[in-house]
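Topology and contacts: notes
Residue-level listing of the chains:
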2 protein chains.
Amino acid sequence: MNTLQELASALKQQDDIWIYTHMNPDGDTLGSAFALLEGLRQLGKRATVVCHNAFPGKFYRFTEPSDKTIAPRYRVSVDVASPQLLGDYEVDAQKLDCCIDHHRTNTMEAPLIYVDDTAAATCEIIYELLMLMGVSITKRMANSLYTGITTDTGCYKFSNTSPRTHRIAAALMEAGCEYEAINRELFDTKSRGRILVERHVLDTMDFYFDGKLAIAVIPQAVKRASGILPEELDGVSALPRQIEGVEIGITMREREDGCYKISVRTATYANAAEICRQFGGGGHDRAAGATLGSDLAEAKQQLVDCCRPILEELK
Amino acid sequence: MNTLQELASALKQQDDIWIYTHMNPDGDTLGSAFALLEGLRQLGKRATVVCHNAFPGKFYRFTEPSDKTIAPRYRVSVDVASPQLLGDYEVDAQKLDCCIDHHRTNTMEAPLIYVDDTAAATCEIIYELLMLMGVSITKRMANSLYTGITTDTGCYKFSNTSPRTHRIAAALMEAGCEYEAINRELFDTKSRGRILVERHVLDTMDFYFDGKLAIAVIPQAVKRASGILPEELDGVSALPRQIEGVEIGITMREREDGCYKISVRTATYANAAEICRQFGGGGHDRAAGATLGSDLAEAKQQLVDCCRPILEELK
């Protein structure tokens, strides 16, 4: 792996730079890309941000359309863990000059690689890179970087949050980032569709093992009637686990083919990844996923049976 | 006003110290008091924390019962804005030696006073005071102080959050605070009672002016059936405003006497305090309260009429 100083020096020597983001872009890949874009422009360079998808307007006011009139002479990826995540741009992975990321599982190849999995967000790395490049952080850059950091740390709540995260947030506030508006839009705004789905979840949730297991089902019909966006469903998946006393919270979303996509969240000791592995899925200790068959009653029973030994032995 | 250094020097010379917290204690007054308690003990002193109420066990694992066998020879209040807030201890306000607070409206009198309204939480001041006193921050103290800071900033979301807030959070993480568990308990855990009330709110909320005004009603019967705690109702009051497109979110809680306690939250431009002032209440720009009469339909109509000029002129 290279040093961040090597990346800073290399980038300062380049021009006509394409910055690649991952498909289904989130706050961190977009925040990283657009802060770097503005930093490069401040140094007098031409650059543009590209993505498999159109940039979502919602939440990410700092984005602008890609400018493909710039012929790429240097290629950088930010927050992209594997070539597949480039989508339509996957072929460009072979021509990549520089990769900046924070995913431990990164499989990208490039002459210059900087992967720091102690960074809570790629935006933390980009902030430090911009400092090394002598860029001064504008309000707009601060908004981009803050968005990535608060997205990936769930507003400083997730275990990846570090003292460094808070210190960078402090510096971004000093650069004028609109943290109130950003956090309100990302965490405290729910669409009417989401409210509909939340109501359904609260109305139909089942509890087992003295309330230590909660299972909620989201049928296709409810999803369709609500018009909820896929990214909003993630917030809903957190609901069952948030109820007091619940150690394992499971959301079962009916897919179009009738099978159930399950999302498992755990509070303190149950291992979500282990539960999901029993159904061919996987994930992290506290959040994981898998897919179950189309017989709802049977799928539910399988989940209950799987959770029984975990929850009963600790009674 | 005195300097923090003067307070540090004074406290180092005292012993047998009573630390006063405000009634209906929250994370900030308790976090401040118990961190200071432990700091004073580290310096070899006897001290205890007192409060009008019993210390709530929930959320605040760092508390311990008051030890009134210690005869007070020095009295300090933390996060107490006025003598009335001492409740049963109001008479002690006259004997107070030192007052530490962050409320601009502070009306306490004491030989030593330190009120810093730029501090998001009194815990920020206590952290700085402990540093000046040469105390080393233990994990338990870090938990106390982090609890106060995250409580009063709504997990770094409220407008009182500052770069200093984030830098102190970073230091508290380095001292080992259990930020994940603290934030999960404070912000991501809902009692079954709260879920019941949230369901009722979502099921019965009314929208006006193209969805820019949302009004929810919480009848006594629902409150009683749910067994929800008063402090949990504050979280519910935030719900209507969180819906996309809502500028003014109002919750009407039926009181025991049949009147309605209204809580007004606004998103970006409507002034909540001004709305409430029309009904004899008051508060802040984005969150305020008032009390209305017992005729629900009439009270609702009054609120709608009051919001009309604010929301219609900006259509």
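Residue positions are given per chain, counting from 1 as you read along its sequence in written order. Chain labels run from A onward and ligand labels from 1 onward, assigned in the order the entries are written. Where totals are concerned, whole chains, interfaces and linings use all residues; where local detail is concerned, this predicted model gives features only for residues with pLDDT of at least 70, and gives and counts side-chain atom pairs only at 80 or more. Hydrogens and water molecules were not included; the side-chain quantities draw on all heavy atoms of the structure.

Thoughts on the nonpolar core
Among the buried residues, those of types Ala, Val, Leu, Ile, Met, Phe, Trp, Tyr and Cys that are joined through side-chain atoms within 4.5 Å form a nonpolar core. The buried label applies to any residue whose accessible area, calculated with a 1.4 Å probe on protein chains only, is under 20% of its type's maximum; exposed applies above 50%, and partly exposed to all values in between. Counting 108 residues, the largest nonpolar core has Leu36, Leu129 and Leu172 of chain A together with Leu36, Leu129, Leu130 and Leu172 of chain B as the members making the most contacts within it. Working rule for contacts: check all heavy atoms of both residues, and any pair within 4.5 Å makes them a contact. When neighbours within four sequence positions are excluded, Leu172 of chain A is seen to be in contact with Tyr127, Ile137, Ala142, Leu145, Tyr146, Ile149 and Cys177 of chain A.

Describing the relation of the copies chain B and chain A
Alignment of the copies relies on least squares applied to C-alpha atoms, considering only residues that score at least 70 for pLDDT in both. Turning chain B through 180 degrees and shifting it by 0.0 Å along the axis lays it on chain A, with an RMSD of 0.0 Å. Interpreted geometrically, this transformation is the action of a two-fold axis. Of the interface residues in chain B, 100% have counterparts in chain A that sit at the interface too, so the contact is made through matching surfaces.

Regarding the pattern of salt bridges
The term salt bridge refers to a side-chain nitrogen of Lys or Arg lying within 4 Å of a carboxyl oxygen of Asp or Glu. Counted under the stated rule, the structure contains 40 salt bridges over all chains. Residue Asp206 of chain B is joined to Lys300 of chain B by a salt bridge in which the shortest nitrogen-to-oxygen separation is 2.7 Å. Within this pair, whereas Asp206 of chain B is found in strand 6 (residues 206-208), its partner Lys300 of chain B is found in helix 11 (residues 296-312), the two being separated by 94 residues in sequence. Taking relative accessible area as the criterion, Asp206 of chain B reaches 29% and is therefore assigned partly exposed. Between Asp305 of chain B and Arg308 of chain B there is a salt bridge whose closest N-O contact spans 3.1 Å. With Asp305 of chain B and Arg308 of chain B both in helix 11 and three residues apart, the pair spans about one turn of that helix. For Arg308 of chain B, a relative accessible area of 32% puts it in the partly exposed group. A single network of salt bridges, built from pairs that share partners, joins Glu38, Arg41, Glu64 and Arg140 of chain A. Only runs of H or I of at least four residues qualify as helices and only runs of E of at least two qualify as strands under DSSP, and these elements are numbered from the N terminus.

Some details on the environment of Thr48 of chain B
All names here are of chain B. If you trace the backbone, Thr48 turns up in strand 2 (residues 47-50). Thr48 gets classed as buried once you look at its relative accessible area, which sits at 2%. Counting along the chain gives 20 residues from Thr48 to Lys68, while the straight-line C-alpha distance between them is 7.5 Å. The contacts of Thr48, once residues within four sequence positions are left out, are Ile17, Trp18, Ile19, Leu37, Pro65, Ser66, Asp67 and Ile70.

With respect to the domain arrangement of chain A
Domain segmentation is taken from an automatic or database assignment of domains. Partitioning chain A into domains gives domain 1 (4-187) and domain 2 (192-314). A straight line from the C-alpha centre of domain 1 of chain A to that of domain 2 of chain A covers 32 Å.

Brief notes about the interface of chain B and chain A
Contact with chain B, which involves 42 residues of that partner, is made by 42 residues of chain A. Buried area is understood as the total, over both parts, of accessible area removed when two parts are fitted together, assessed with a 1.4 Å probe. Counting the surface chain B buries against chain A, the share from its top three residues, Lys157, His166 and Glu244 of chain B, is 16%. Asp203 of chain A is paired through a salt bridge with Arg199 of chain B; the nearest N and O atoms lie 2.8 Å apart. What qualifies as a polar contact is a pair of N or O atoms within 3.5 Å, subject to a donor-acceptor requirement within protein and to the restriction that residues adjacent in sequence count only when both atoms come from side chains. Scanning the region where chain B abuts chain A turns up 21 residue pairs in polar contact (both at pLDDT 80 or more). Listed by contribution, the elements that provide at least two residues to the side of chain B that touches chain A are helix 5 (163-174), helix 6 (179-187) and helix 7 (192-204) of chain B. With eight residues, helix 5 of chain B is the largest single contributor of residues to the side of chain B that touches chain A.

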